[in-house]
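Listed below, chain by chain, are the residues.
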Amino acid sequence: MPDELRLYLKERFGVQGPVSPGRFEAELAKRMGSPARREPLLKAWRAYLAGGGREAVRSFYREVLKVPKGEALVYGMHLPFLEFYAKEVPSRVEGRVLEVGAFTGALVGYLQRKRPELSWHALDGVEEAVDLGRKRVPEVAWHLGWAEEVDLPPFDTLLLLSVFPEGQVDQELESRLEPEAFWKRFAFFERLPLFARLLKPGGLLVYGHGPFLGKSLEGVEEGLRRLGFQEVARVGEGEYFLVLARRPEALAEVSAEEALWEAPALEPVAVLAEGPDLARVRALLEAGQYAEVLSLLPEGVEGEAAHLRGKALFALSRFAEAEEALRRALSEEAEDLRALVLVELGEYARAQGRLEALAGRGGRYRLALGRVYLAQGRYADALRQFVESGLPEAELYVREALERITERMRRYAKEGEWAEVSRRAEFVEDLSPSLLTREMLRLGLKAALLQGLFARAERYARRLADLDEAEGFLGLALAALRLRTPLDHKGEDLKGVEPYLTEALARAEIPEALLLLGVLREREGRYREALHLLERAARHGEGEVAGLAYHHLAEVKRALRRPLREVLGDHKRAHALRAYPAPYLFRLAQEALAGGEEVLARELLSRARDAGLAEVAEEDLRGLLSLLERLEGPWAAFHVLYQALGRTPEPPLELLALAYRLSRSFRESPEAEAVRGRYLAALYASGRVGEAEALLKAELGQNPQALEVLFDLAEHQEAQGNWRQAAEYWQKALEVALYREKDLELARELLRNLLFLRPHDESLLLYLEELRAVARGLEALGEEAKPLPESPGELVEEALPRFHGEHLLVVGGHTQLRSRLVPFLEGRGLKVDWFDADSAGVGKEALKRILNRLERAHGLMIVSSYVGHDLSEPVRQEAERLGIPVHIIPGRARGATGFLRALKGFAPELFKRALKGVQ
């Protein structure tokens, strides 16, 4: 049982072990350290030990609960008795049970766990203890009050455990008393009936004296019998005992003669030996005779005298002495006044809790609490307390709080936190609209406008206008137009707010008002007036307001036919303050170039480039390219066009032709090669074969060693069925690769291509011998060279592995390529369905046939330069959906062997698909 109880107390109340009452001060020093922090509790502890009555009990427990784990000290001093009660009480209680003096509920909570079927209640007179007990032990019904006074319905069991002697014991008392001395010392026959009224007739009373001095087991038993209690019995002996008894229908009256003692007062009153006349002291205090009060009440007095001395010291502004005197008073009223003293001493944290509890009384308590909040930086809370105090002396603090709030509003406005600015202005307005200062109204007006709270903005603006402030009239104009700022103006009718704008300008040169009025004059065609207003707005304005003023100023100057350089100069200033979009800058650059201002045109075009030319390219690509080519050269225009082509799946042929023309100055760059390929593909797709051939021949004329051009011309001739000319181009490409580029792998592939086209041409054997000679030379130099087959046929067939009935679907290529390769591939064991560019050009029917064949294929190859995007993309997506591997030949096929080379790399994917058993 002790182990179970101790674990419960440790987990829920932080009790580490027993604490001797004689060690209380030492244990307190471990927890709090600072003597100044310990002093209030030590004073309350000494008053408690001196038998200071109910007020001493309340003060002690209140101070204990302020100490970290302070309640653990109290339970530690009672721990042996708690263990005794936990062992003996649970089996004896019944019905509705009330524990008197439950403190924070450690014992009653444990008993409830042992007997959960009973109804448990707890009673205590210390409000802080009851509040904490409700949180710690919510399973118990809690009641606030002193047992002698509280009005509760009677209970079946009443527990008076270590509570009856509290407030009546002092350190001089003997540990054990005779019955008569016990009855007299604790006013037993006077006090116990007040406790017993909480017990039903026949209900069970359980009495335990606890660790207090003055024990008398016989006195408790005899006293209960004299009062008429029945079935009086004891449990335990010595220090640890319980007395149990049942209440009669009516308690017997015990006279003073029978009890052999003189009944003392219920509440002991501290009396000063030969003390002053407190009635006279009160009269002097009311008359303001504070010096006489202090002469009658010497330092060190206690109780009410200390309270009166503290009042006098407080009136004389001797706050440190007043705080010491009020601490000795040990009364609620003294503690209330002490909280005010602590504020004067600057001890705001110590005073805060008490003042928050007293704030409901208003007056000086709210004023003092406001000072606490002001010192803590809680300016809004402080202002509320000052205003609600209703005291004239609070006016000074109200002004200080308003200044602090205004400073925060300025900081938030500087940081752009307009919601915070608006929230503070609204708070002050809710307290009292008259509290809003001019600066608060200005900041609140701007915040309300920026947030779109136009009704509030109009209210603040009207207040400012009544104060003859120019910002008020401008605010009325903006609120009427429903504009957050003048920058939001999108053509709203300004004529209706013209009086507000003129009133604002009559009081101050406000750039926003100048701007709006200048825009109005511009719309009315009164350009001279608009010019004057907008020049002033640009001169006085800042940031985007000045930028918009320069923009309208440029338009006004354009209408007045001022020089183009002057107009564009204002546009440049406007852009520096309020950035123009790229299309607008582009149009300005075009205008500058058309007007002969080439330097300005270059500068404006540079600004447009910084803003991003993609948007311009979407609106007017051809105009942009023309401007770029003229001002910055072909490369700048080509670069923009190349990016635009990259975003366009099927660009028009005219743009590709333009890109090709621009790229001729740097024809060997990768971008130029890519554009040339797309342009050729577009020419073939549109049926303009003659133009494609002419283009390729022109390219070859410019660079006879260009391999890519030779490849394209060879494939072009193959597509036309001109095998002799195709072979000539392949042979030229072979010679370039072998003798100029020294690329043996490429030469080997090109030779394979020639052997495929002309298998009986014995002159090709010379190239084969040349390749063998080069390979032998490399081996002699110690380099590794790939061996060449002995016969030309083996060279052609080495590009492919042996297939075993795998099914390949091909989309793209020309008819001649298909007709020559399909028999060859089928001879190698591959099933092929080939839809070349000619047969795939019939639209939806072709797509449907391709998709039907796709379901049986083990792989898909797309020769992308021979097939349109609208056909290849659906086929590719369907293949990916079916899980069929896809290989795309990105450029042209580079003849038959180019296709075979791509197929060789793709062959492992075909084998994997076939091995999965897909038919």
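Structure first, text after, so check above.
Read on for a plain summary of the structure. Keep in mind the model is a prediction, meaning the values are calculated, not measured.

## With respect to the overall build of the protein
Then, number 1: Helices and strands together make up the secondary structure of the protein, namely 45 helices and 11 strands.
Then, number 2: Relative to the globule expectation of 29 Å for 919 residues, the C-alpha radius of gyration of the protein, 52 Å, shows a markedly less compact shape.
Then, number 3: With the C-alpha coordinates aligned to their principal axes, the bounding extent of the protein is approximately 150 × 85 × 60 Å.
Then, number 4: Counting the 919 residues in the protein, one finds 51% classified as buried.
Then, number 5: Pairs at least 24 apart in sequence give 63% of the contacts found in the protein among residues at least 6 apart.
Then, number 6: Surface accessibility of the protein: about 43100 Å² in total, with carbon and sulfur atoms responsible for 49%.

## Section: the sheet that holds strand β4 (residues 155–161)
Then, number 1: Spatially, seven strands are ordered β3-β2-β1-β4-β5-β7-β6 in an open sheet, and the strand pairing comes out mixed. Of all the strands in the sheet, the pair left with one neighbour each is β3 (141–144) and β6 (230–237). Sheet twist, expressed as the average angle between the axes of neighbouring strands with direction ignored, equals 20 degrees.
Then, number 2: Two strands pair when backbone bridges link them, and strand β5 (residues 199–208) and strand β7 (residues 240–246) are joined in this way by four bridges, in the antiparallel orientation. Bridged to Leu205 within β7 is Ala245.

## Some details on the packing of aromatic side chains
Then, number 1: Within the structure shown, the criterion is met by 28 aromatic pairs.
Then, number 2: Ring centres of Phe188 and Phe189 lie 5.4 Å apart, and the angle between their planes is 90 degrees; this geometry places the pair in the edge-to-face category.
Then, number 3: Taking the relative accessible area as the measure of exposure, Phe189 reaches 8% and is therefore buried.
Then, number 4: Directly above the ring of Phe164 sits Arg191, whose terminal nitrogen or CZ lies 4.4 Å from the centroid.
Then, number 5: Over the aromatic face of Tyr412 sits the side chain of Arg411, whose NZ or CZ is 5.2 Å from the ring centroid.

## With respect to unusual backbone geometry
Then, number 1: Phi at Glu231 takes a positive value of approximately 50 degrees, unusual for a residue other than glycine.
Then, number 2: Tracing the backbone shows Glu231 in strand β6.
Then, number 3: A positive phi is found at Arg561, a non-glycine position, where the angle reads about 60 degrees.
Then, number 4: Position of Arg561 among the secondary structure elements: in the loop between α28 (543–559) and α29 (564–577).

## A closer look at the nonpolar core
A general tendency of soluble globular proteins is for nonpolar side chains to be buried together.
Then, number 1: Formed by 177 residues in total, the largest nonpolar core has its most connected members in Leu355, Leu383, Val428, Leu624 and Leu641.
Then, number 2: Ala102, Val108, Trp183 and Phe186 belong to the second largest nonpolar core, which has 93 residues in total.

## Considering the sheet that holds strand β11 (residues 886–889)
Then, number 1: Taken together, four strands build an open sheet; the order of strands is β9-β8-β10-β11 and the sheet is parallel. Of all the strands in the sheet, the pair left with one neighbour each is β9 (831–835) and β11. Strand-to-strand twist across the sheet, computed as the mean angle between neighbouring axes with direction ignored, equals 15 degrees.
Then, number 2: Here strand β10 (residues 859–863) runs beside β11; their pairing, made up of four bridges, is parallel. Following the sheet pairing, Ile862 is matched in β11 by Ile888.

## Remarks on the pattern of salt bridges
When the charged atoms of two side chains lie near each other, side chains of opposite charge can form a pair.
Then, number 1: Evaluation of the coordinates by the stated rule reveals 81 salt bridges.
Then, number 2: The salt bridge partner of Arg54 is Glu149, with a shortest N-O separation of 2.5 Å. Placement of the pair is Arg54 in helix α4 (residues 53–66) and Glu149 in the loop between β3 and β4, with a sequence separation of 95 residues.
Then, number 3: The exposure class assigned to Glu149 is exposed, which follows from its relative accessible area of 53%.
Then, number 4: For Glu344, the salt bridge goes to Arg371, with nearest N and O atoms at 2.7 Å. Highlighted residues: Glu344 in helix α16 (residues 332–344) and Arg371 in helix α18 (residues 364–376), separated in sequence by 27 residues.
Then, number 5: Judged by relative accessible area, Glu344 falls into the partly exposed class, the value being 34%.
Then, number 6: Residues participating in the shared-partner salt-bridge network are Lys43, Glu302, Glu323, Glu324, Arg327, Arg328, Glu335, Arg338, Glu347 and Arg350.

## Quick notes on helix α21 (residues 418–431)
Then, number 1: Relative to the 20 Å expected for 14 residues at 1.5 Å per residue, α21 spans 20 Å between its end C-alpha atoms, a close match to the ideal helical length.
Then, number 2: Within α21, the full set of buried residues consists of Trp418, Val421, Ser422, Arg424, Ala425, Phe427, Val428, Glu429 and Leu431.
Then, number 3: The inward-facing, buried residues of α21 contact α19 (379–389), α20 (394–415), α22 (438–450) and α23 (454–466).

## Some remarks on the packing of α23 against helix α24 (residues 470–481)
Then, number 1: Where α23 contacts α24, the two axes come as close as 7 Å, and the packing angle between them is 155 degrees. Considering their axes alone, α23 and α24 lie roughly antiparallel with respect to each other. Like other packed secondary-structure pairs, α23 and α24 cross with a definite hand, here left-handed. Seen from α23, the contacting residues are Phe454, Glu458, Ala461, Arg462, Leu464 and Ala465; seen from α24, they are Glu471, Gly472, Phe473, Gly475, Leu476 and Ala479.

## Overview of the pairing of β7
Then, number 1: Of all seven residues making up β7, five are buried, and the element is well covered by its neighbours.
Then, number 2: Of the pairings in the sheet, the one linking β6 to β7 comprises six bridges and is antiparallel in character. Following the sheet pairing, Gln230 is matched in β7 by Arg246.
Then, number 3: With antiparallel pairing between neighbouring strands as the criterion, β6 and β7 make up a hairpin whose turn holds two residues, including Gly238 at a positive phi of roughly 65 degrees.

Conventions adopted
Residues numbered from 1 in each chain as written. Predicted model: local features only at pLDDT ≥ 70, side-chain atom pairs only at ≥ 80, totals over all residues. Heavy atoms only, no water. Helix = DSSP H or I, 4+ residues; strand = E, 2+ residues; numbered from the N terminus. Rg over C-alpha atoms; globule rule 2.2 N^0.38 Å. Buried < 20%, exposed > 50% of the residue type's maximum accessible area, 1.4 Å probe, protein only. Contact = heavy atoms within 4.5 Å. Areas by Shrake-Rupley, 256 points an atom, 1.4 Å probe, with all protein chains shown as cover. Pairing = 2+ DSSP bridges. Axes fitted to C-alpha atoms, helices over the stretch in contact; angles between N-to-C directions. Phe/Tyr/Trp six-rings, centres within 6.5 Å; stacked < 30°, edge-to-face > 60°. Lys NZ or Arg CZ within 6 Å of the ring centre and 35° of its normal. Core = buried A, V, L, I, M, F, W, Y, C linked by side-chain atoms within 4.5 Å. Salt bridge = Lys/Arg side-chain N within 4 Å of Asp/Glu carboxyl O. Expected span 1.5 Å × (residues − 1). Parallel < 35°, antiparallel > 145°, perpendicular 65-115°, else oblique. Left-handed = near helix turned anticlockwise from the far one by under 90°.

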